[in-house]
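Here's the letter readout for the chains.
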Amino acid sequence: MALKTEPFVVNIGPAHPSTHGVFRMRTTLDGEVIVDMEPVFGYLHRGIEKLAEERTYTGVIPLTDRLDYLASMSNNLAYVLAVEKLAEIPVPGRAEYLRVIMAELQRIASHLIAVGAFLNDCGAFMTPLLYMLREREKILDLFEMVSGQRLTYNYMRVGGVSQDVPEEFIPALGKFVKVMPGFIDEYDQLLAENEILLARAKGVGILPKELAINISASGPVLRASGVKWDIRKADPYSIYDRFEFDIPTGTVGDCYDRYRVRIQEMRQSVRILKQALEQLPQGEVRSDVPHLLRPPVGEVYGHIEAPKGELGFYLVSDNSIAPYRFHIRAPSLINLTALRDMIVGWKVADAIIIFGSIDICMGEVDR
Amino acid sequence: MTVFDPGFSPSSGYGQTLPPDWPGGFWLHWGVFVVIILVFVLAMVMGFIYLERRGIGRFQVRLGPNRVGPFGVLQPVADAIKVLLKEDIIPAKGDRWVHWLAPVVAFVPVVMIFAVVPFQDGALLADLNIGILYVVAISSISVVGIFMAGWGSNNKFSLLGAMRTVAQEVSYEIPLVLSILGVVLIAGSLSLNDIVKVQSIPFILLQPLGFLIYFIGACAEINRTPFDLLEADSEIVAGFHTEYSGMKFALFYLVEYAEALAISAIITTLFLGGWRGPVLPPFLWFLIKVVGVFFLIFWIRSTIPRVRVDQLMAFAWKCLLPLALINLLITGVEVLVLPEALPWTIIFLNLAIMAVLIALWSKLFRLGGGRVEV
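All of these numbers come straight from a predicted model, not from anything done at the bench.

So, how was this worked out
- Residues numbered from 1 in each chain as written.
- Chains lettered and ligands numbered in written order.
- Predicted model: local features only at pLDDT ≥ 70, side-chain atom pairs only at ≥ 80, totals over all residues.
- Heavy atoms only, no water.
- Helix = DSSP H or I, 4+ residues; strand = E, 2+ residues; numbered from the N terminus.
- Buried < 20%, exposed > 50% of the residue type's maximum accessible area, 1.4 Å probe, protein only.
- Contact = heavy atoms within 4.5 Å.
- Areas by Shrake-Rupley, 256 points an atom, 1.4 Å probe, with all protein chains shown as cover.
- Core = buried A, V, L, I, M, F, W, Y, C linked by side-chain atoms within 4.5 Å.
- Pairing = 2+ DSSP bridges.
- Axes fitted to C-alpha atoms, helices over the stretch in contact; angles between N-to-C directions.
- 1 Å grid on protein atoms, 1.4 Å probe; cavity = no way out; pocket = protein on both sides within 12 Å on 5 of 7 lines; lining within 4 Å.
- Points joined across faces, edges and corners; volume = space filled by probe spheres on them.
- Phe/Tyr/Trp six-rings, centres within 6.5 Å; stacked < 30°, edge-to-face > 60°.
- Expected span 1.5 Å × (residues − 1).

Draft legend 1. Spotlight on the overall build of chain B. Secondary structure summary: chain B contains 14 helices and zero strands in total. Listed N to C, the secondary structure of chain B is α-α-α-α-α-α-α-α-α-α-α-α-α-α in terms of helices and strands. The buried share among the 374 residues of chain B stands at 53%. Considering only residue pairs separated by 6 or more positions, chain B has 76% of its internal contacts joining residues 24 or more positions apart. Within the structure as shown, chain B displays about 16200 Å² of accessible surface, and the carbon and sulfur contribution to it stands at 74%.

Draft legend 2. Focus on the nonpolar core. Among the nonpolar cores identified, the biggest contains 122 residues, and A:Tyr79, A:Leu105 and A:Leu339 are the most heavily contacted of them. Of all the elements, helix H4 (residues 93–121) of chain A adds the most residues to this core, at 14 residues. The residues touching A:Tyr79, leaving out its near neighbours within four places in the chain, are A:Tyr57, A:Val60, A:Ile61, A:Thr64, A:Phe313, A:Leu315 and A:Phe326. In terms of nonpolar packing, the next biggest core, distinct from the first, is built from 98 residues, B:Val184, B:Phe211, B:Tyr214 and B:Cys219 among them.

Draft legend 3. Quick look at the sheet that holds strand E8 (residues 325–329) of chain A. All names here are of chain A. Strand order across the open sheet formed by three strands is E6-E7-E8, with antiparallel pairing between neighbours. For this open sheet the edge positions go to strand E6 (298–306) and E8, each flanked by a neighbour on one side alone. Direction aside, the axes of adjacent strands within the sheet are offset by 10 degrees on average. Pairing between strand E7 (residues 309–317) and E8: five bridges, direction antiparallel.

Draft legend 4. Looking closely at the sheet that holds strand E2 (residues 24–30) of chain A. Read from one edge to the other, the open sheet built from three strands follows the order E1-E2-E3 (chain A), with strand pairing classed as antiparallel. The open sheet has two free edges, formed respectively by strand E1 (8–12) and strand E3 (33–40) of chain A, since each of these has just one partner strand. If you compare each strand with its neighbour and ignore which way they point, the axes differ by 20 degrees on average. In terms of strand pairing, E2(A) meets E3(A) through seven bridges, oriented antiparallel. Residue pairing for E3(A): A:Asp30 is matched across the bridge by A:Val33. Across the sheet, helix H6 (residues 156–187) of chain B is in contact with E1 and E2 of chain A; its angle to E1(A) comes to roughly 110 degrees.

Draft legend 5. Structural context of empty space enclosed by the protein. Residue and element names in this part refer to chain B. Applying the stated criterion to the full structure yields four cavities of 30 Å³ or more. If you add up the space inside the largest cavity, you get close to 140 Å³. For the largest cavity, the lining is made up of 16 residues, of which Ile 113, Val 135, Ser 139, Glu 221 and Ile 263 are closest to its centre. Counting only elements with at least two residues in the lining of the largest cavity, the list comes to helix H3 (96–113), helix H4 (131–139), H6, helix H9 (208–221) and helix H11 (246–271).

Draft legend 6. Layout of the packing of aromatic side chains. Within the structure shown, the criterion is met by 36 aromatic pairs over all chains. Measuring from ring centre to ring centre gives 4.6 Å for A:Phe143 and A:Tyr153, while their planes differ by 55 degrees; the resulting arrangement is tilted. Linking A:Phe143 in helix H5 (residues 127–147) with A:Tyr153 in the loop between H5 and strand E4 (156–157), this pair joins segments that are ten residues apart in sequence. Note on A:Phe143: relative accessible area 0%, which makes it buried. Exposure remark for A:Tyr153: the relative accessible area of 3% places this residue in the buried category. Measuring from ring centre to ring centre gives 6.1 Å for B:Phe59 and B:Phe295, while their planes differ by 35 degrees; the resulting arrangement is tilted. Taken together, the residues span a long stretch of sequence, with B:Phe59 in helix H1 (residues 26–59) and B:Phe295 in helix H12 (residues 282–301) at a distance of 236 residues. The partly exposed category is assigned to B:Phe59, whose relative accessible area is 21%.

Draft legend 7. Molecular detail of H11(B). In this model H11(B) runs 37 Å from its N-terminal to its C-terminal C-alpha over 26 residues, within 8% of the 38 Å that 1.5 Å per residue would give. At the exit of H11(B) stands B:Gly273, carrying a positive phi of roughly 85 degrees.

Have a look at this one:
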């Protein structure tokens with residue numbers, strides 16, 4: 001006799017310990033196996049794109065802080081680069097270096113959260129996350145020195161940065177750059193070769209190279225699938241062509257590769273920081289830009305390699321003081337589109353870590 | 001004659017349970033030990049909660065609770081008062097009676113385990129001659145309570161957690177029992193008090209593999225990391241006790257730590273020589289060893305990730321079960337063939353066998369499972 005069975009629909013989220021915000025996975029389960037998944041988002045929609053169209057070009061910068069709130073500096077940078085490209089505003093040399101320093105510090109901070117949260121999703125009870133928060137705290141201290149803020153920095157300006165760094169910043173950064181590689185090794189040794197982590201993450205949630213390219217994934221998610229694509233190299237912005245660094249890539253595209261790529265990227269970021277610190281010139285940090293900026297009529301797409309992937313701002317100007325159209329290409333949202341393909345057929349526990357390994361920030365997905 | 005026979009006299013009935021001049025008869029003995037066990041369990045659980053929170057705080061480069069009382073020692077008391085004052089919620093469509101009964105069914109067997117644990121020579125409620133079997137039988141009743149909680153809550157996460165529990169605990173019971181048999185073979189008795197008495201060398205040295213299997217199996221039995229699937233915080237919120245609040249939640253919390261305490265006490269008794277030890281009084285030795293084992297348990301909790309449900313089952317059936325059988329075989333052969341051998345020979349032989357077996361299994365055995373085509 002065949003027993004009558006029916007699919008078991010479980011809503012994972014929106015309020016769930018490991019949805020990294022307010023994301024909902026409407027999963028259909030067969031026992032523990034996920035047979036279908038429908039992502040539901042929009043719980044954090046704030047209408048940032050529309051709000052930005054009502055503000056001046058310089059007044060939008062605080063809004064970009066609130067996109068990927070774990071990487072505000074990168075958001076600032078992407079936006080001001082787009083505006084500078086549109087209005088052709090020069091940036092002083094020292095400001096360029098400061099921007100790169102902030103962006104790379106931010107990348108380390110964001111990856112620390114990503115790796116820590118991923119390991120936490122794997123079930124390592126808080127310890128890796130808290131270790132990584134310890135170092136993130138040092139980065140936040142550095143950011144606090146320069147901007148007075150610890151989460152939404154609002155530091156970059158069109159045509160430079162808001163102010164020069166205080167004099168205690170450079171020695172503090174030097175010290176950080178010196179000790180950070182040791183800490184990265186520490187995180188690496190904590191769990192990298194752990195049997196349980198290997199069993200949980202190796203071969204799980206594979207994102208094939210072709211699919212990754214087709215959904216236009218970017219950032220560590222794309223690189224873990226074996227595609228050597230990093231906008232810092234592919235389309236160098238700011239002064240990234242002056243630094244030497246490698247692009248770490250994975251081979252398989254599983255959760256473990258994504259985790260490894262992030263660890264390696266932190267090492268490369270420290271390398272860039274070291275070089276930037278050596279080359280840092282003196283001088284102005286901000287060029288003269290009118291408060292009510294009126295860029296010429298036209299459109300522009302400015303993109304950078306944010307910690308989570310390609311962050312782009314598409315601006316259309318009608319020569320008024322506010323952007324006519326303001327669109328954000330959020331890496332989190334686009335990387336998330338592969339989620340269903342990655343988790344169907346895996347178990348509930350796998351779904352959580354696959355989702356964690358994509359590293360999304362809901363502030364950016366929903367905007 | 002049973003334990004509950006009123007004519008039972010501790011000095012005559014069950015071996016040398018008590019000194020002959022122990023005052024009072026059976027009922028006094030019974031009453032005194034019931035009180036001792038309840039106080040011991042509750043006090044130790046509070047101590048464990050404090051110790052674990054402070055200890056894990058240290059592991060995680062933070063302080064842990066340090067506000068209530070000196071060094072935060074009163075934190076468990078504050079927590080207990082808090083949960084007592086919380087509203088008790090029963091899900092509208094839940095099974096009221098099952099939901100209500102579940103914490104009780106889970107809690108009672110855990111306390112009952114302590115009836116046969118010797119705190120020092122003869123200081124135990126009942127020196128059953130089948131003591132270890134009693135422990136194995138009683139400790140698996142808690143599963144029923146946990147499944148009742150998952151079922152009665154009418155919550156999908158709870159049900160998932162409960163399903164995982166049943167599969168897990170039924171599987172791990174087998175290697176657990178088989179690993180105990182090695183100890184029983186050497187000791188020649190099922191009574192926990194006797195097992196302690198014959199341990200002139202702690203059995204962890206004679207049975208290193210048995211100890212490892214028992215320890216892993218016990219961690220799975222009490223749902224501790226890396227086997228805490230049924231309340232996997234990052235996957236199924238809180239598993240079976242998602243829908244519990246107030247005192248009923250506190251009971252489940254208590255069960256978790258009381259189980260850890262029970263397992264620590266059993267490991268201490270079976271493998272670490274129980275209350276035996278030089279200089280210090282026996283009861284203190286017992287406590288030190290129990291806390292030591294518990295420290296190991298929460299050290300593991302704060303370090304390693306969780307396994308997946310299919311890997312968990314594969315580990316029990318493909319890895320622990322064969323190893324437990326081999327361990328039993330080897331122990332049996334040693335007891336038969338080498339009864340007169342020097343202890344150090346056996347110790348080194350067993351350590352070598354354990355190393356070889358573990359190396360072999362780590363090569364042969366892979367945590368299987370993977371993607372299912374749907």
